[in-house]
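Architecture and fold: a report
Chain by chain, the residues:
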Amino acid sequence: MRTKHVNVLIALAAFVLFSFSCFCISRMTQTSNQLINCRNHILEFKEKILRLKNKTERNRQELINALSKMKYEMTQRENTSTDLVEKKMNTLGKDETVSNNTFEVLKFFFPHLRKVGRIYPDVIIGKEKTGVSFALGISTVSRGNQSYLKQTLNSVVSRMTLSEEKDSVVIVSVADRNEDYLKSVVDMITKRFKRQLKSGSLEVISIPAFFYPNMLHIKQSTEDSGKLESWRIKQVLDFCFLMLYAQPKAMYYLQLEDDIIAKKRYFTKITDFVHNITSNNWFYIEFSILGFIGKLFKSEDLTDFVRFFLMFYKDKPVDLLLGDIFQVKMCNPGETPEKCAERNKQIRIRYKPSLFQHVGIQSSFSGREQYSKKI
């Protein structure tokens, strides 16, 4: 009997051990399958990572190539702008017209220009910057062995902040047919003011010789009186051309000359003064009382000023014409001089003290010296 019980216990133990072995084998098989599946997933993931890495590398190379191309193109454009960006505008065909050409007004006053297709400066050095608040115009001609232009430009440009420089453009207009003088101006500016040329805050233009009427050449006689009259006439026309070129560039236009020194913080004082004027009904603002220096105009009014100057350019210097245009436009018929003078004070605004000092002794009129230093 005892032997029978022992056999039953041994059989039961064997069954339990067999069942446990089967269970273990089943679990091990399941675990092995899971490990195999996991390994397959890991391999698949690794393969995807490898493909993504290869794709990323290709994209990186493409991006590097694109950036290199962009950098090369930008360098080429900057080099082109710095190394005398000469644009020969007169190569346009005679029948070619430009709709918004601000110089078209000249054809009304000068019949010889009606045969010209597009009126534009012969040479432009710079980036033809537009959309700024202030355009500063400097007309220059040869003064023989003496030149004040570098000194003038240095004071005008260096006494702006970077933000002011960004919101303005200084235009040097070479109004001299002497090609050696043009070259000297270009060489000086490209060497001394390279950064300003690159940024577009400084540019140089040259007035085409065909712009001037024939009578200007006829008036040039051997007598000093005839030469002086011709010089004055040409000076008015030089200013007109420069004003028309600057008009579409900025909201305001400041007229300067090539033999002045700008005072410290002059530009900050001008912008602050203009922005603090409560009324927009001003004619022009004088930041210097001498001649045509330091006169600030609203660009939208420049065409009216130019039209008036061109009607009487043979009769008076440009600074005297400023007084005449005020009388014509602002003084009512029959009005007393006192009332007109009172209105004059309100809309011909004078800033004190002057922000520009005249320093030139050798006049642009050959053989003439001027010692006026009024500020």
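Source: prediction; values computed, not measured. (Residues numbered from 1 in each chain as written. Predicted model: local features only at pLDDT ≥ 70, side-chain atom pairs only at ≥ 80, totals over all residues. Heavy atoms only, no water.)

**Here we look at the overall build of the protein**
Just so we agree on the cut-off: Secondary structure follows DSSP: runs of H or I at least 4 residues long count as helices, runs of E at least 2 residues long count as strands, and numbering of each begins at the N terminus. Note on exposure labels: buried denotes an accessible area under 20% of the residue type's maximum, exposed denotes more than 50%, and partly exposed covers the range between, all computed with a 1.4 Å probe on protein chains only. Only heavy atoms enter the contact rule, under which two residues are in contact if any of them lie within 4.5 Å.
When helices and strands are tallied, the protein shows twelve helices and ten strands. Counting only residues that meet the buried cut, the protein has 42% of its 375 residues in that class. Taking as baseline every contact in the protein between residues at least 6 positions apart, the subset at least 24 positions apart corresponds to 76%.

**Re the pairing of strand S3 (residues 168-174)**
Defined as follows: Strands pair, by our definition, only if DSSP identifies at least two bridges between them.
By the criterion of burial, S3 is predominantly enclosed, with seven of the seven residues buried. Burial of S3 is two-sided: the residues Ser168, Val170, Val172 and Val174 facing one way and the residues Val169, Ile171 and Ser173 facing the other way are all buried. As defined by bridge partners, S3 adjoins strand S4 (residues 202-206) across five bridges and the pair is classed as parallel. Within S4, the position partnered with Ile171 by the bridge is Glu203.

**Considerations on the nonpolar core**
Put simply, the rule reads: By nonpolar core is meant a set of buried Ala, Val, Leu, Ile, Met, Phe, Trp, Tyr and Cys residues that side-chain atoms within 4.5 Å join together.
Ranked by internal contacts, the top residues of the largest apolar core, which has 52 residues, are Leu106, Phe110, Phe211, Met243, Phe297, Phe305 and Phe309. Broken down by secondary-structure element, the contributors of at least two residues to this core are helix H2 (106-109), strand S2 (132-140), S3, helix H8 (224-246), strand S5 (250-257), helix H10 (302-311), helix H11 (318-330) and helix H12 (337-347). It is H8 that provides the largest number of residues to this core, a total of eleven residues. Sequence-distant contacts of Phe211, defined by excluding residues within four places in its chain, comprise Leu106, Phe110, His112, Leu113, Leu237 and Phe241. Grouped together as the second largest cluster of nonpolar side chains are 41 residues, Val186, Met188, Phe287 and Tyr351 included.

**Thoughts on the pattern of salt bridges**
To keep things clear, this is the line we draw: Definition used for salt bridges: Asp or Glu carboxyl oxygen within 4 Å of a side-chain nitrogen of Lys or Arg.
Evaluation of the coordinates by the stated rule reveals eleven salt bridges. For Asp259, the salt bridge goes to Arg143, with nearest N and O atoms at 3.3 Å. Of the two residues, Asp259 sits in the loop between S5 and strand S6 (260-262) while Arg143 sits in the loop between S2 and helix H3 (149-158), which places them 116 residues apart along the sequence. The class of Asp259 is buried, set by a relative accessible area of 0%. A salt bridge links Glu203 to Lys249, with the shortest nitrogen-to-oxygen separation between them at 3.3 Å.

**Considerations on H11**
In plain terms, the rule: By definition here, a helix of n residues has an expected span of 1.5 Å times n minus one. Each C-beta atom gives one direction from the helix axis, and the arc is the one those directions make.
With 13 residues, H11 ought to run about 18 Å at 1.5 Å a step, and its terminal C-alpha atoms sit 18 Å apart, in line with that. Taken together, the buried positions of H11 are occupied by Val318, Leu321, Leu322, Ile325 and Phe326. Within H11, the buried residues cover an arc of 150° as seen down the axis, which keeps them to one side.

**Brief notes about the sheet that holds S5**
Strands sit in the order S1-S4-S3-S2-S5-S8-S7-S9 across an open sheet of eight strands; the sheet is mixed. The sheet is open, and its two edges are formed by strand S1 (124-125) and strand S9 (348-350), each paired on a single side. The pairing of S2 with S5 spans seven bridges and is classified as parallel. Following the sheet pairing, Ile138 is matched in S5 by Leu256.

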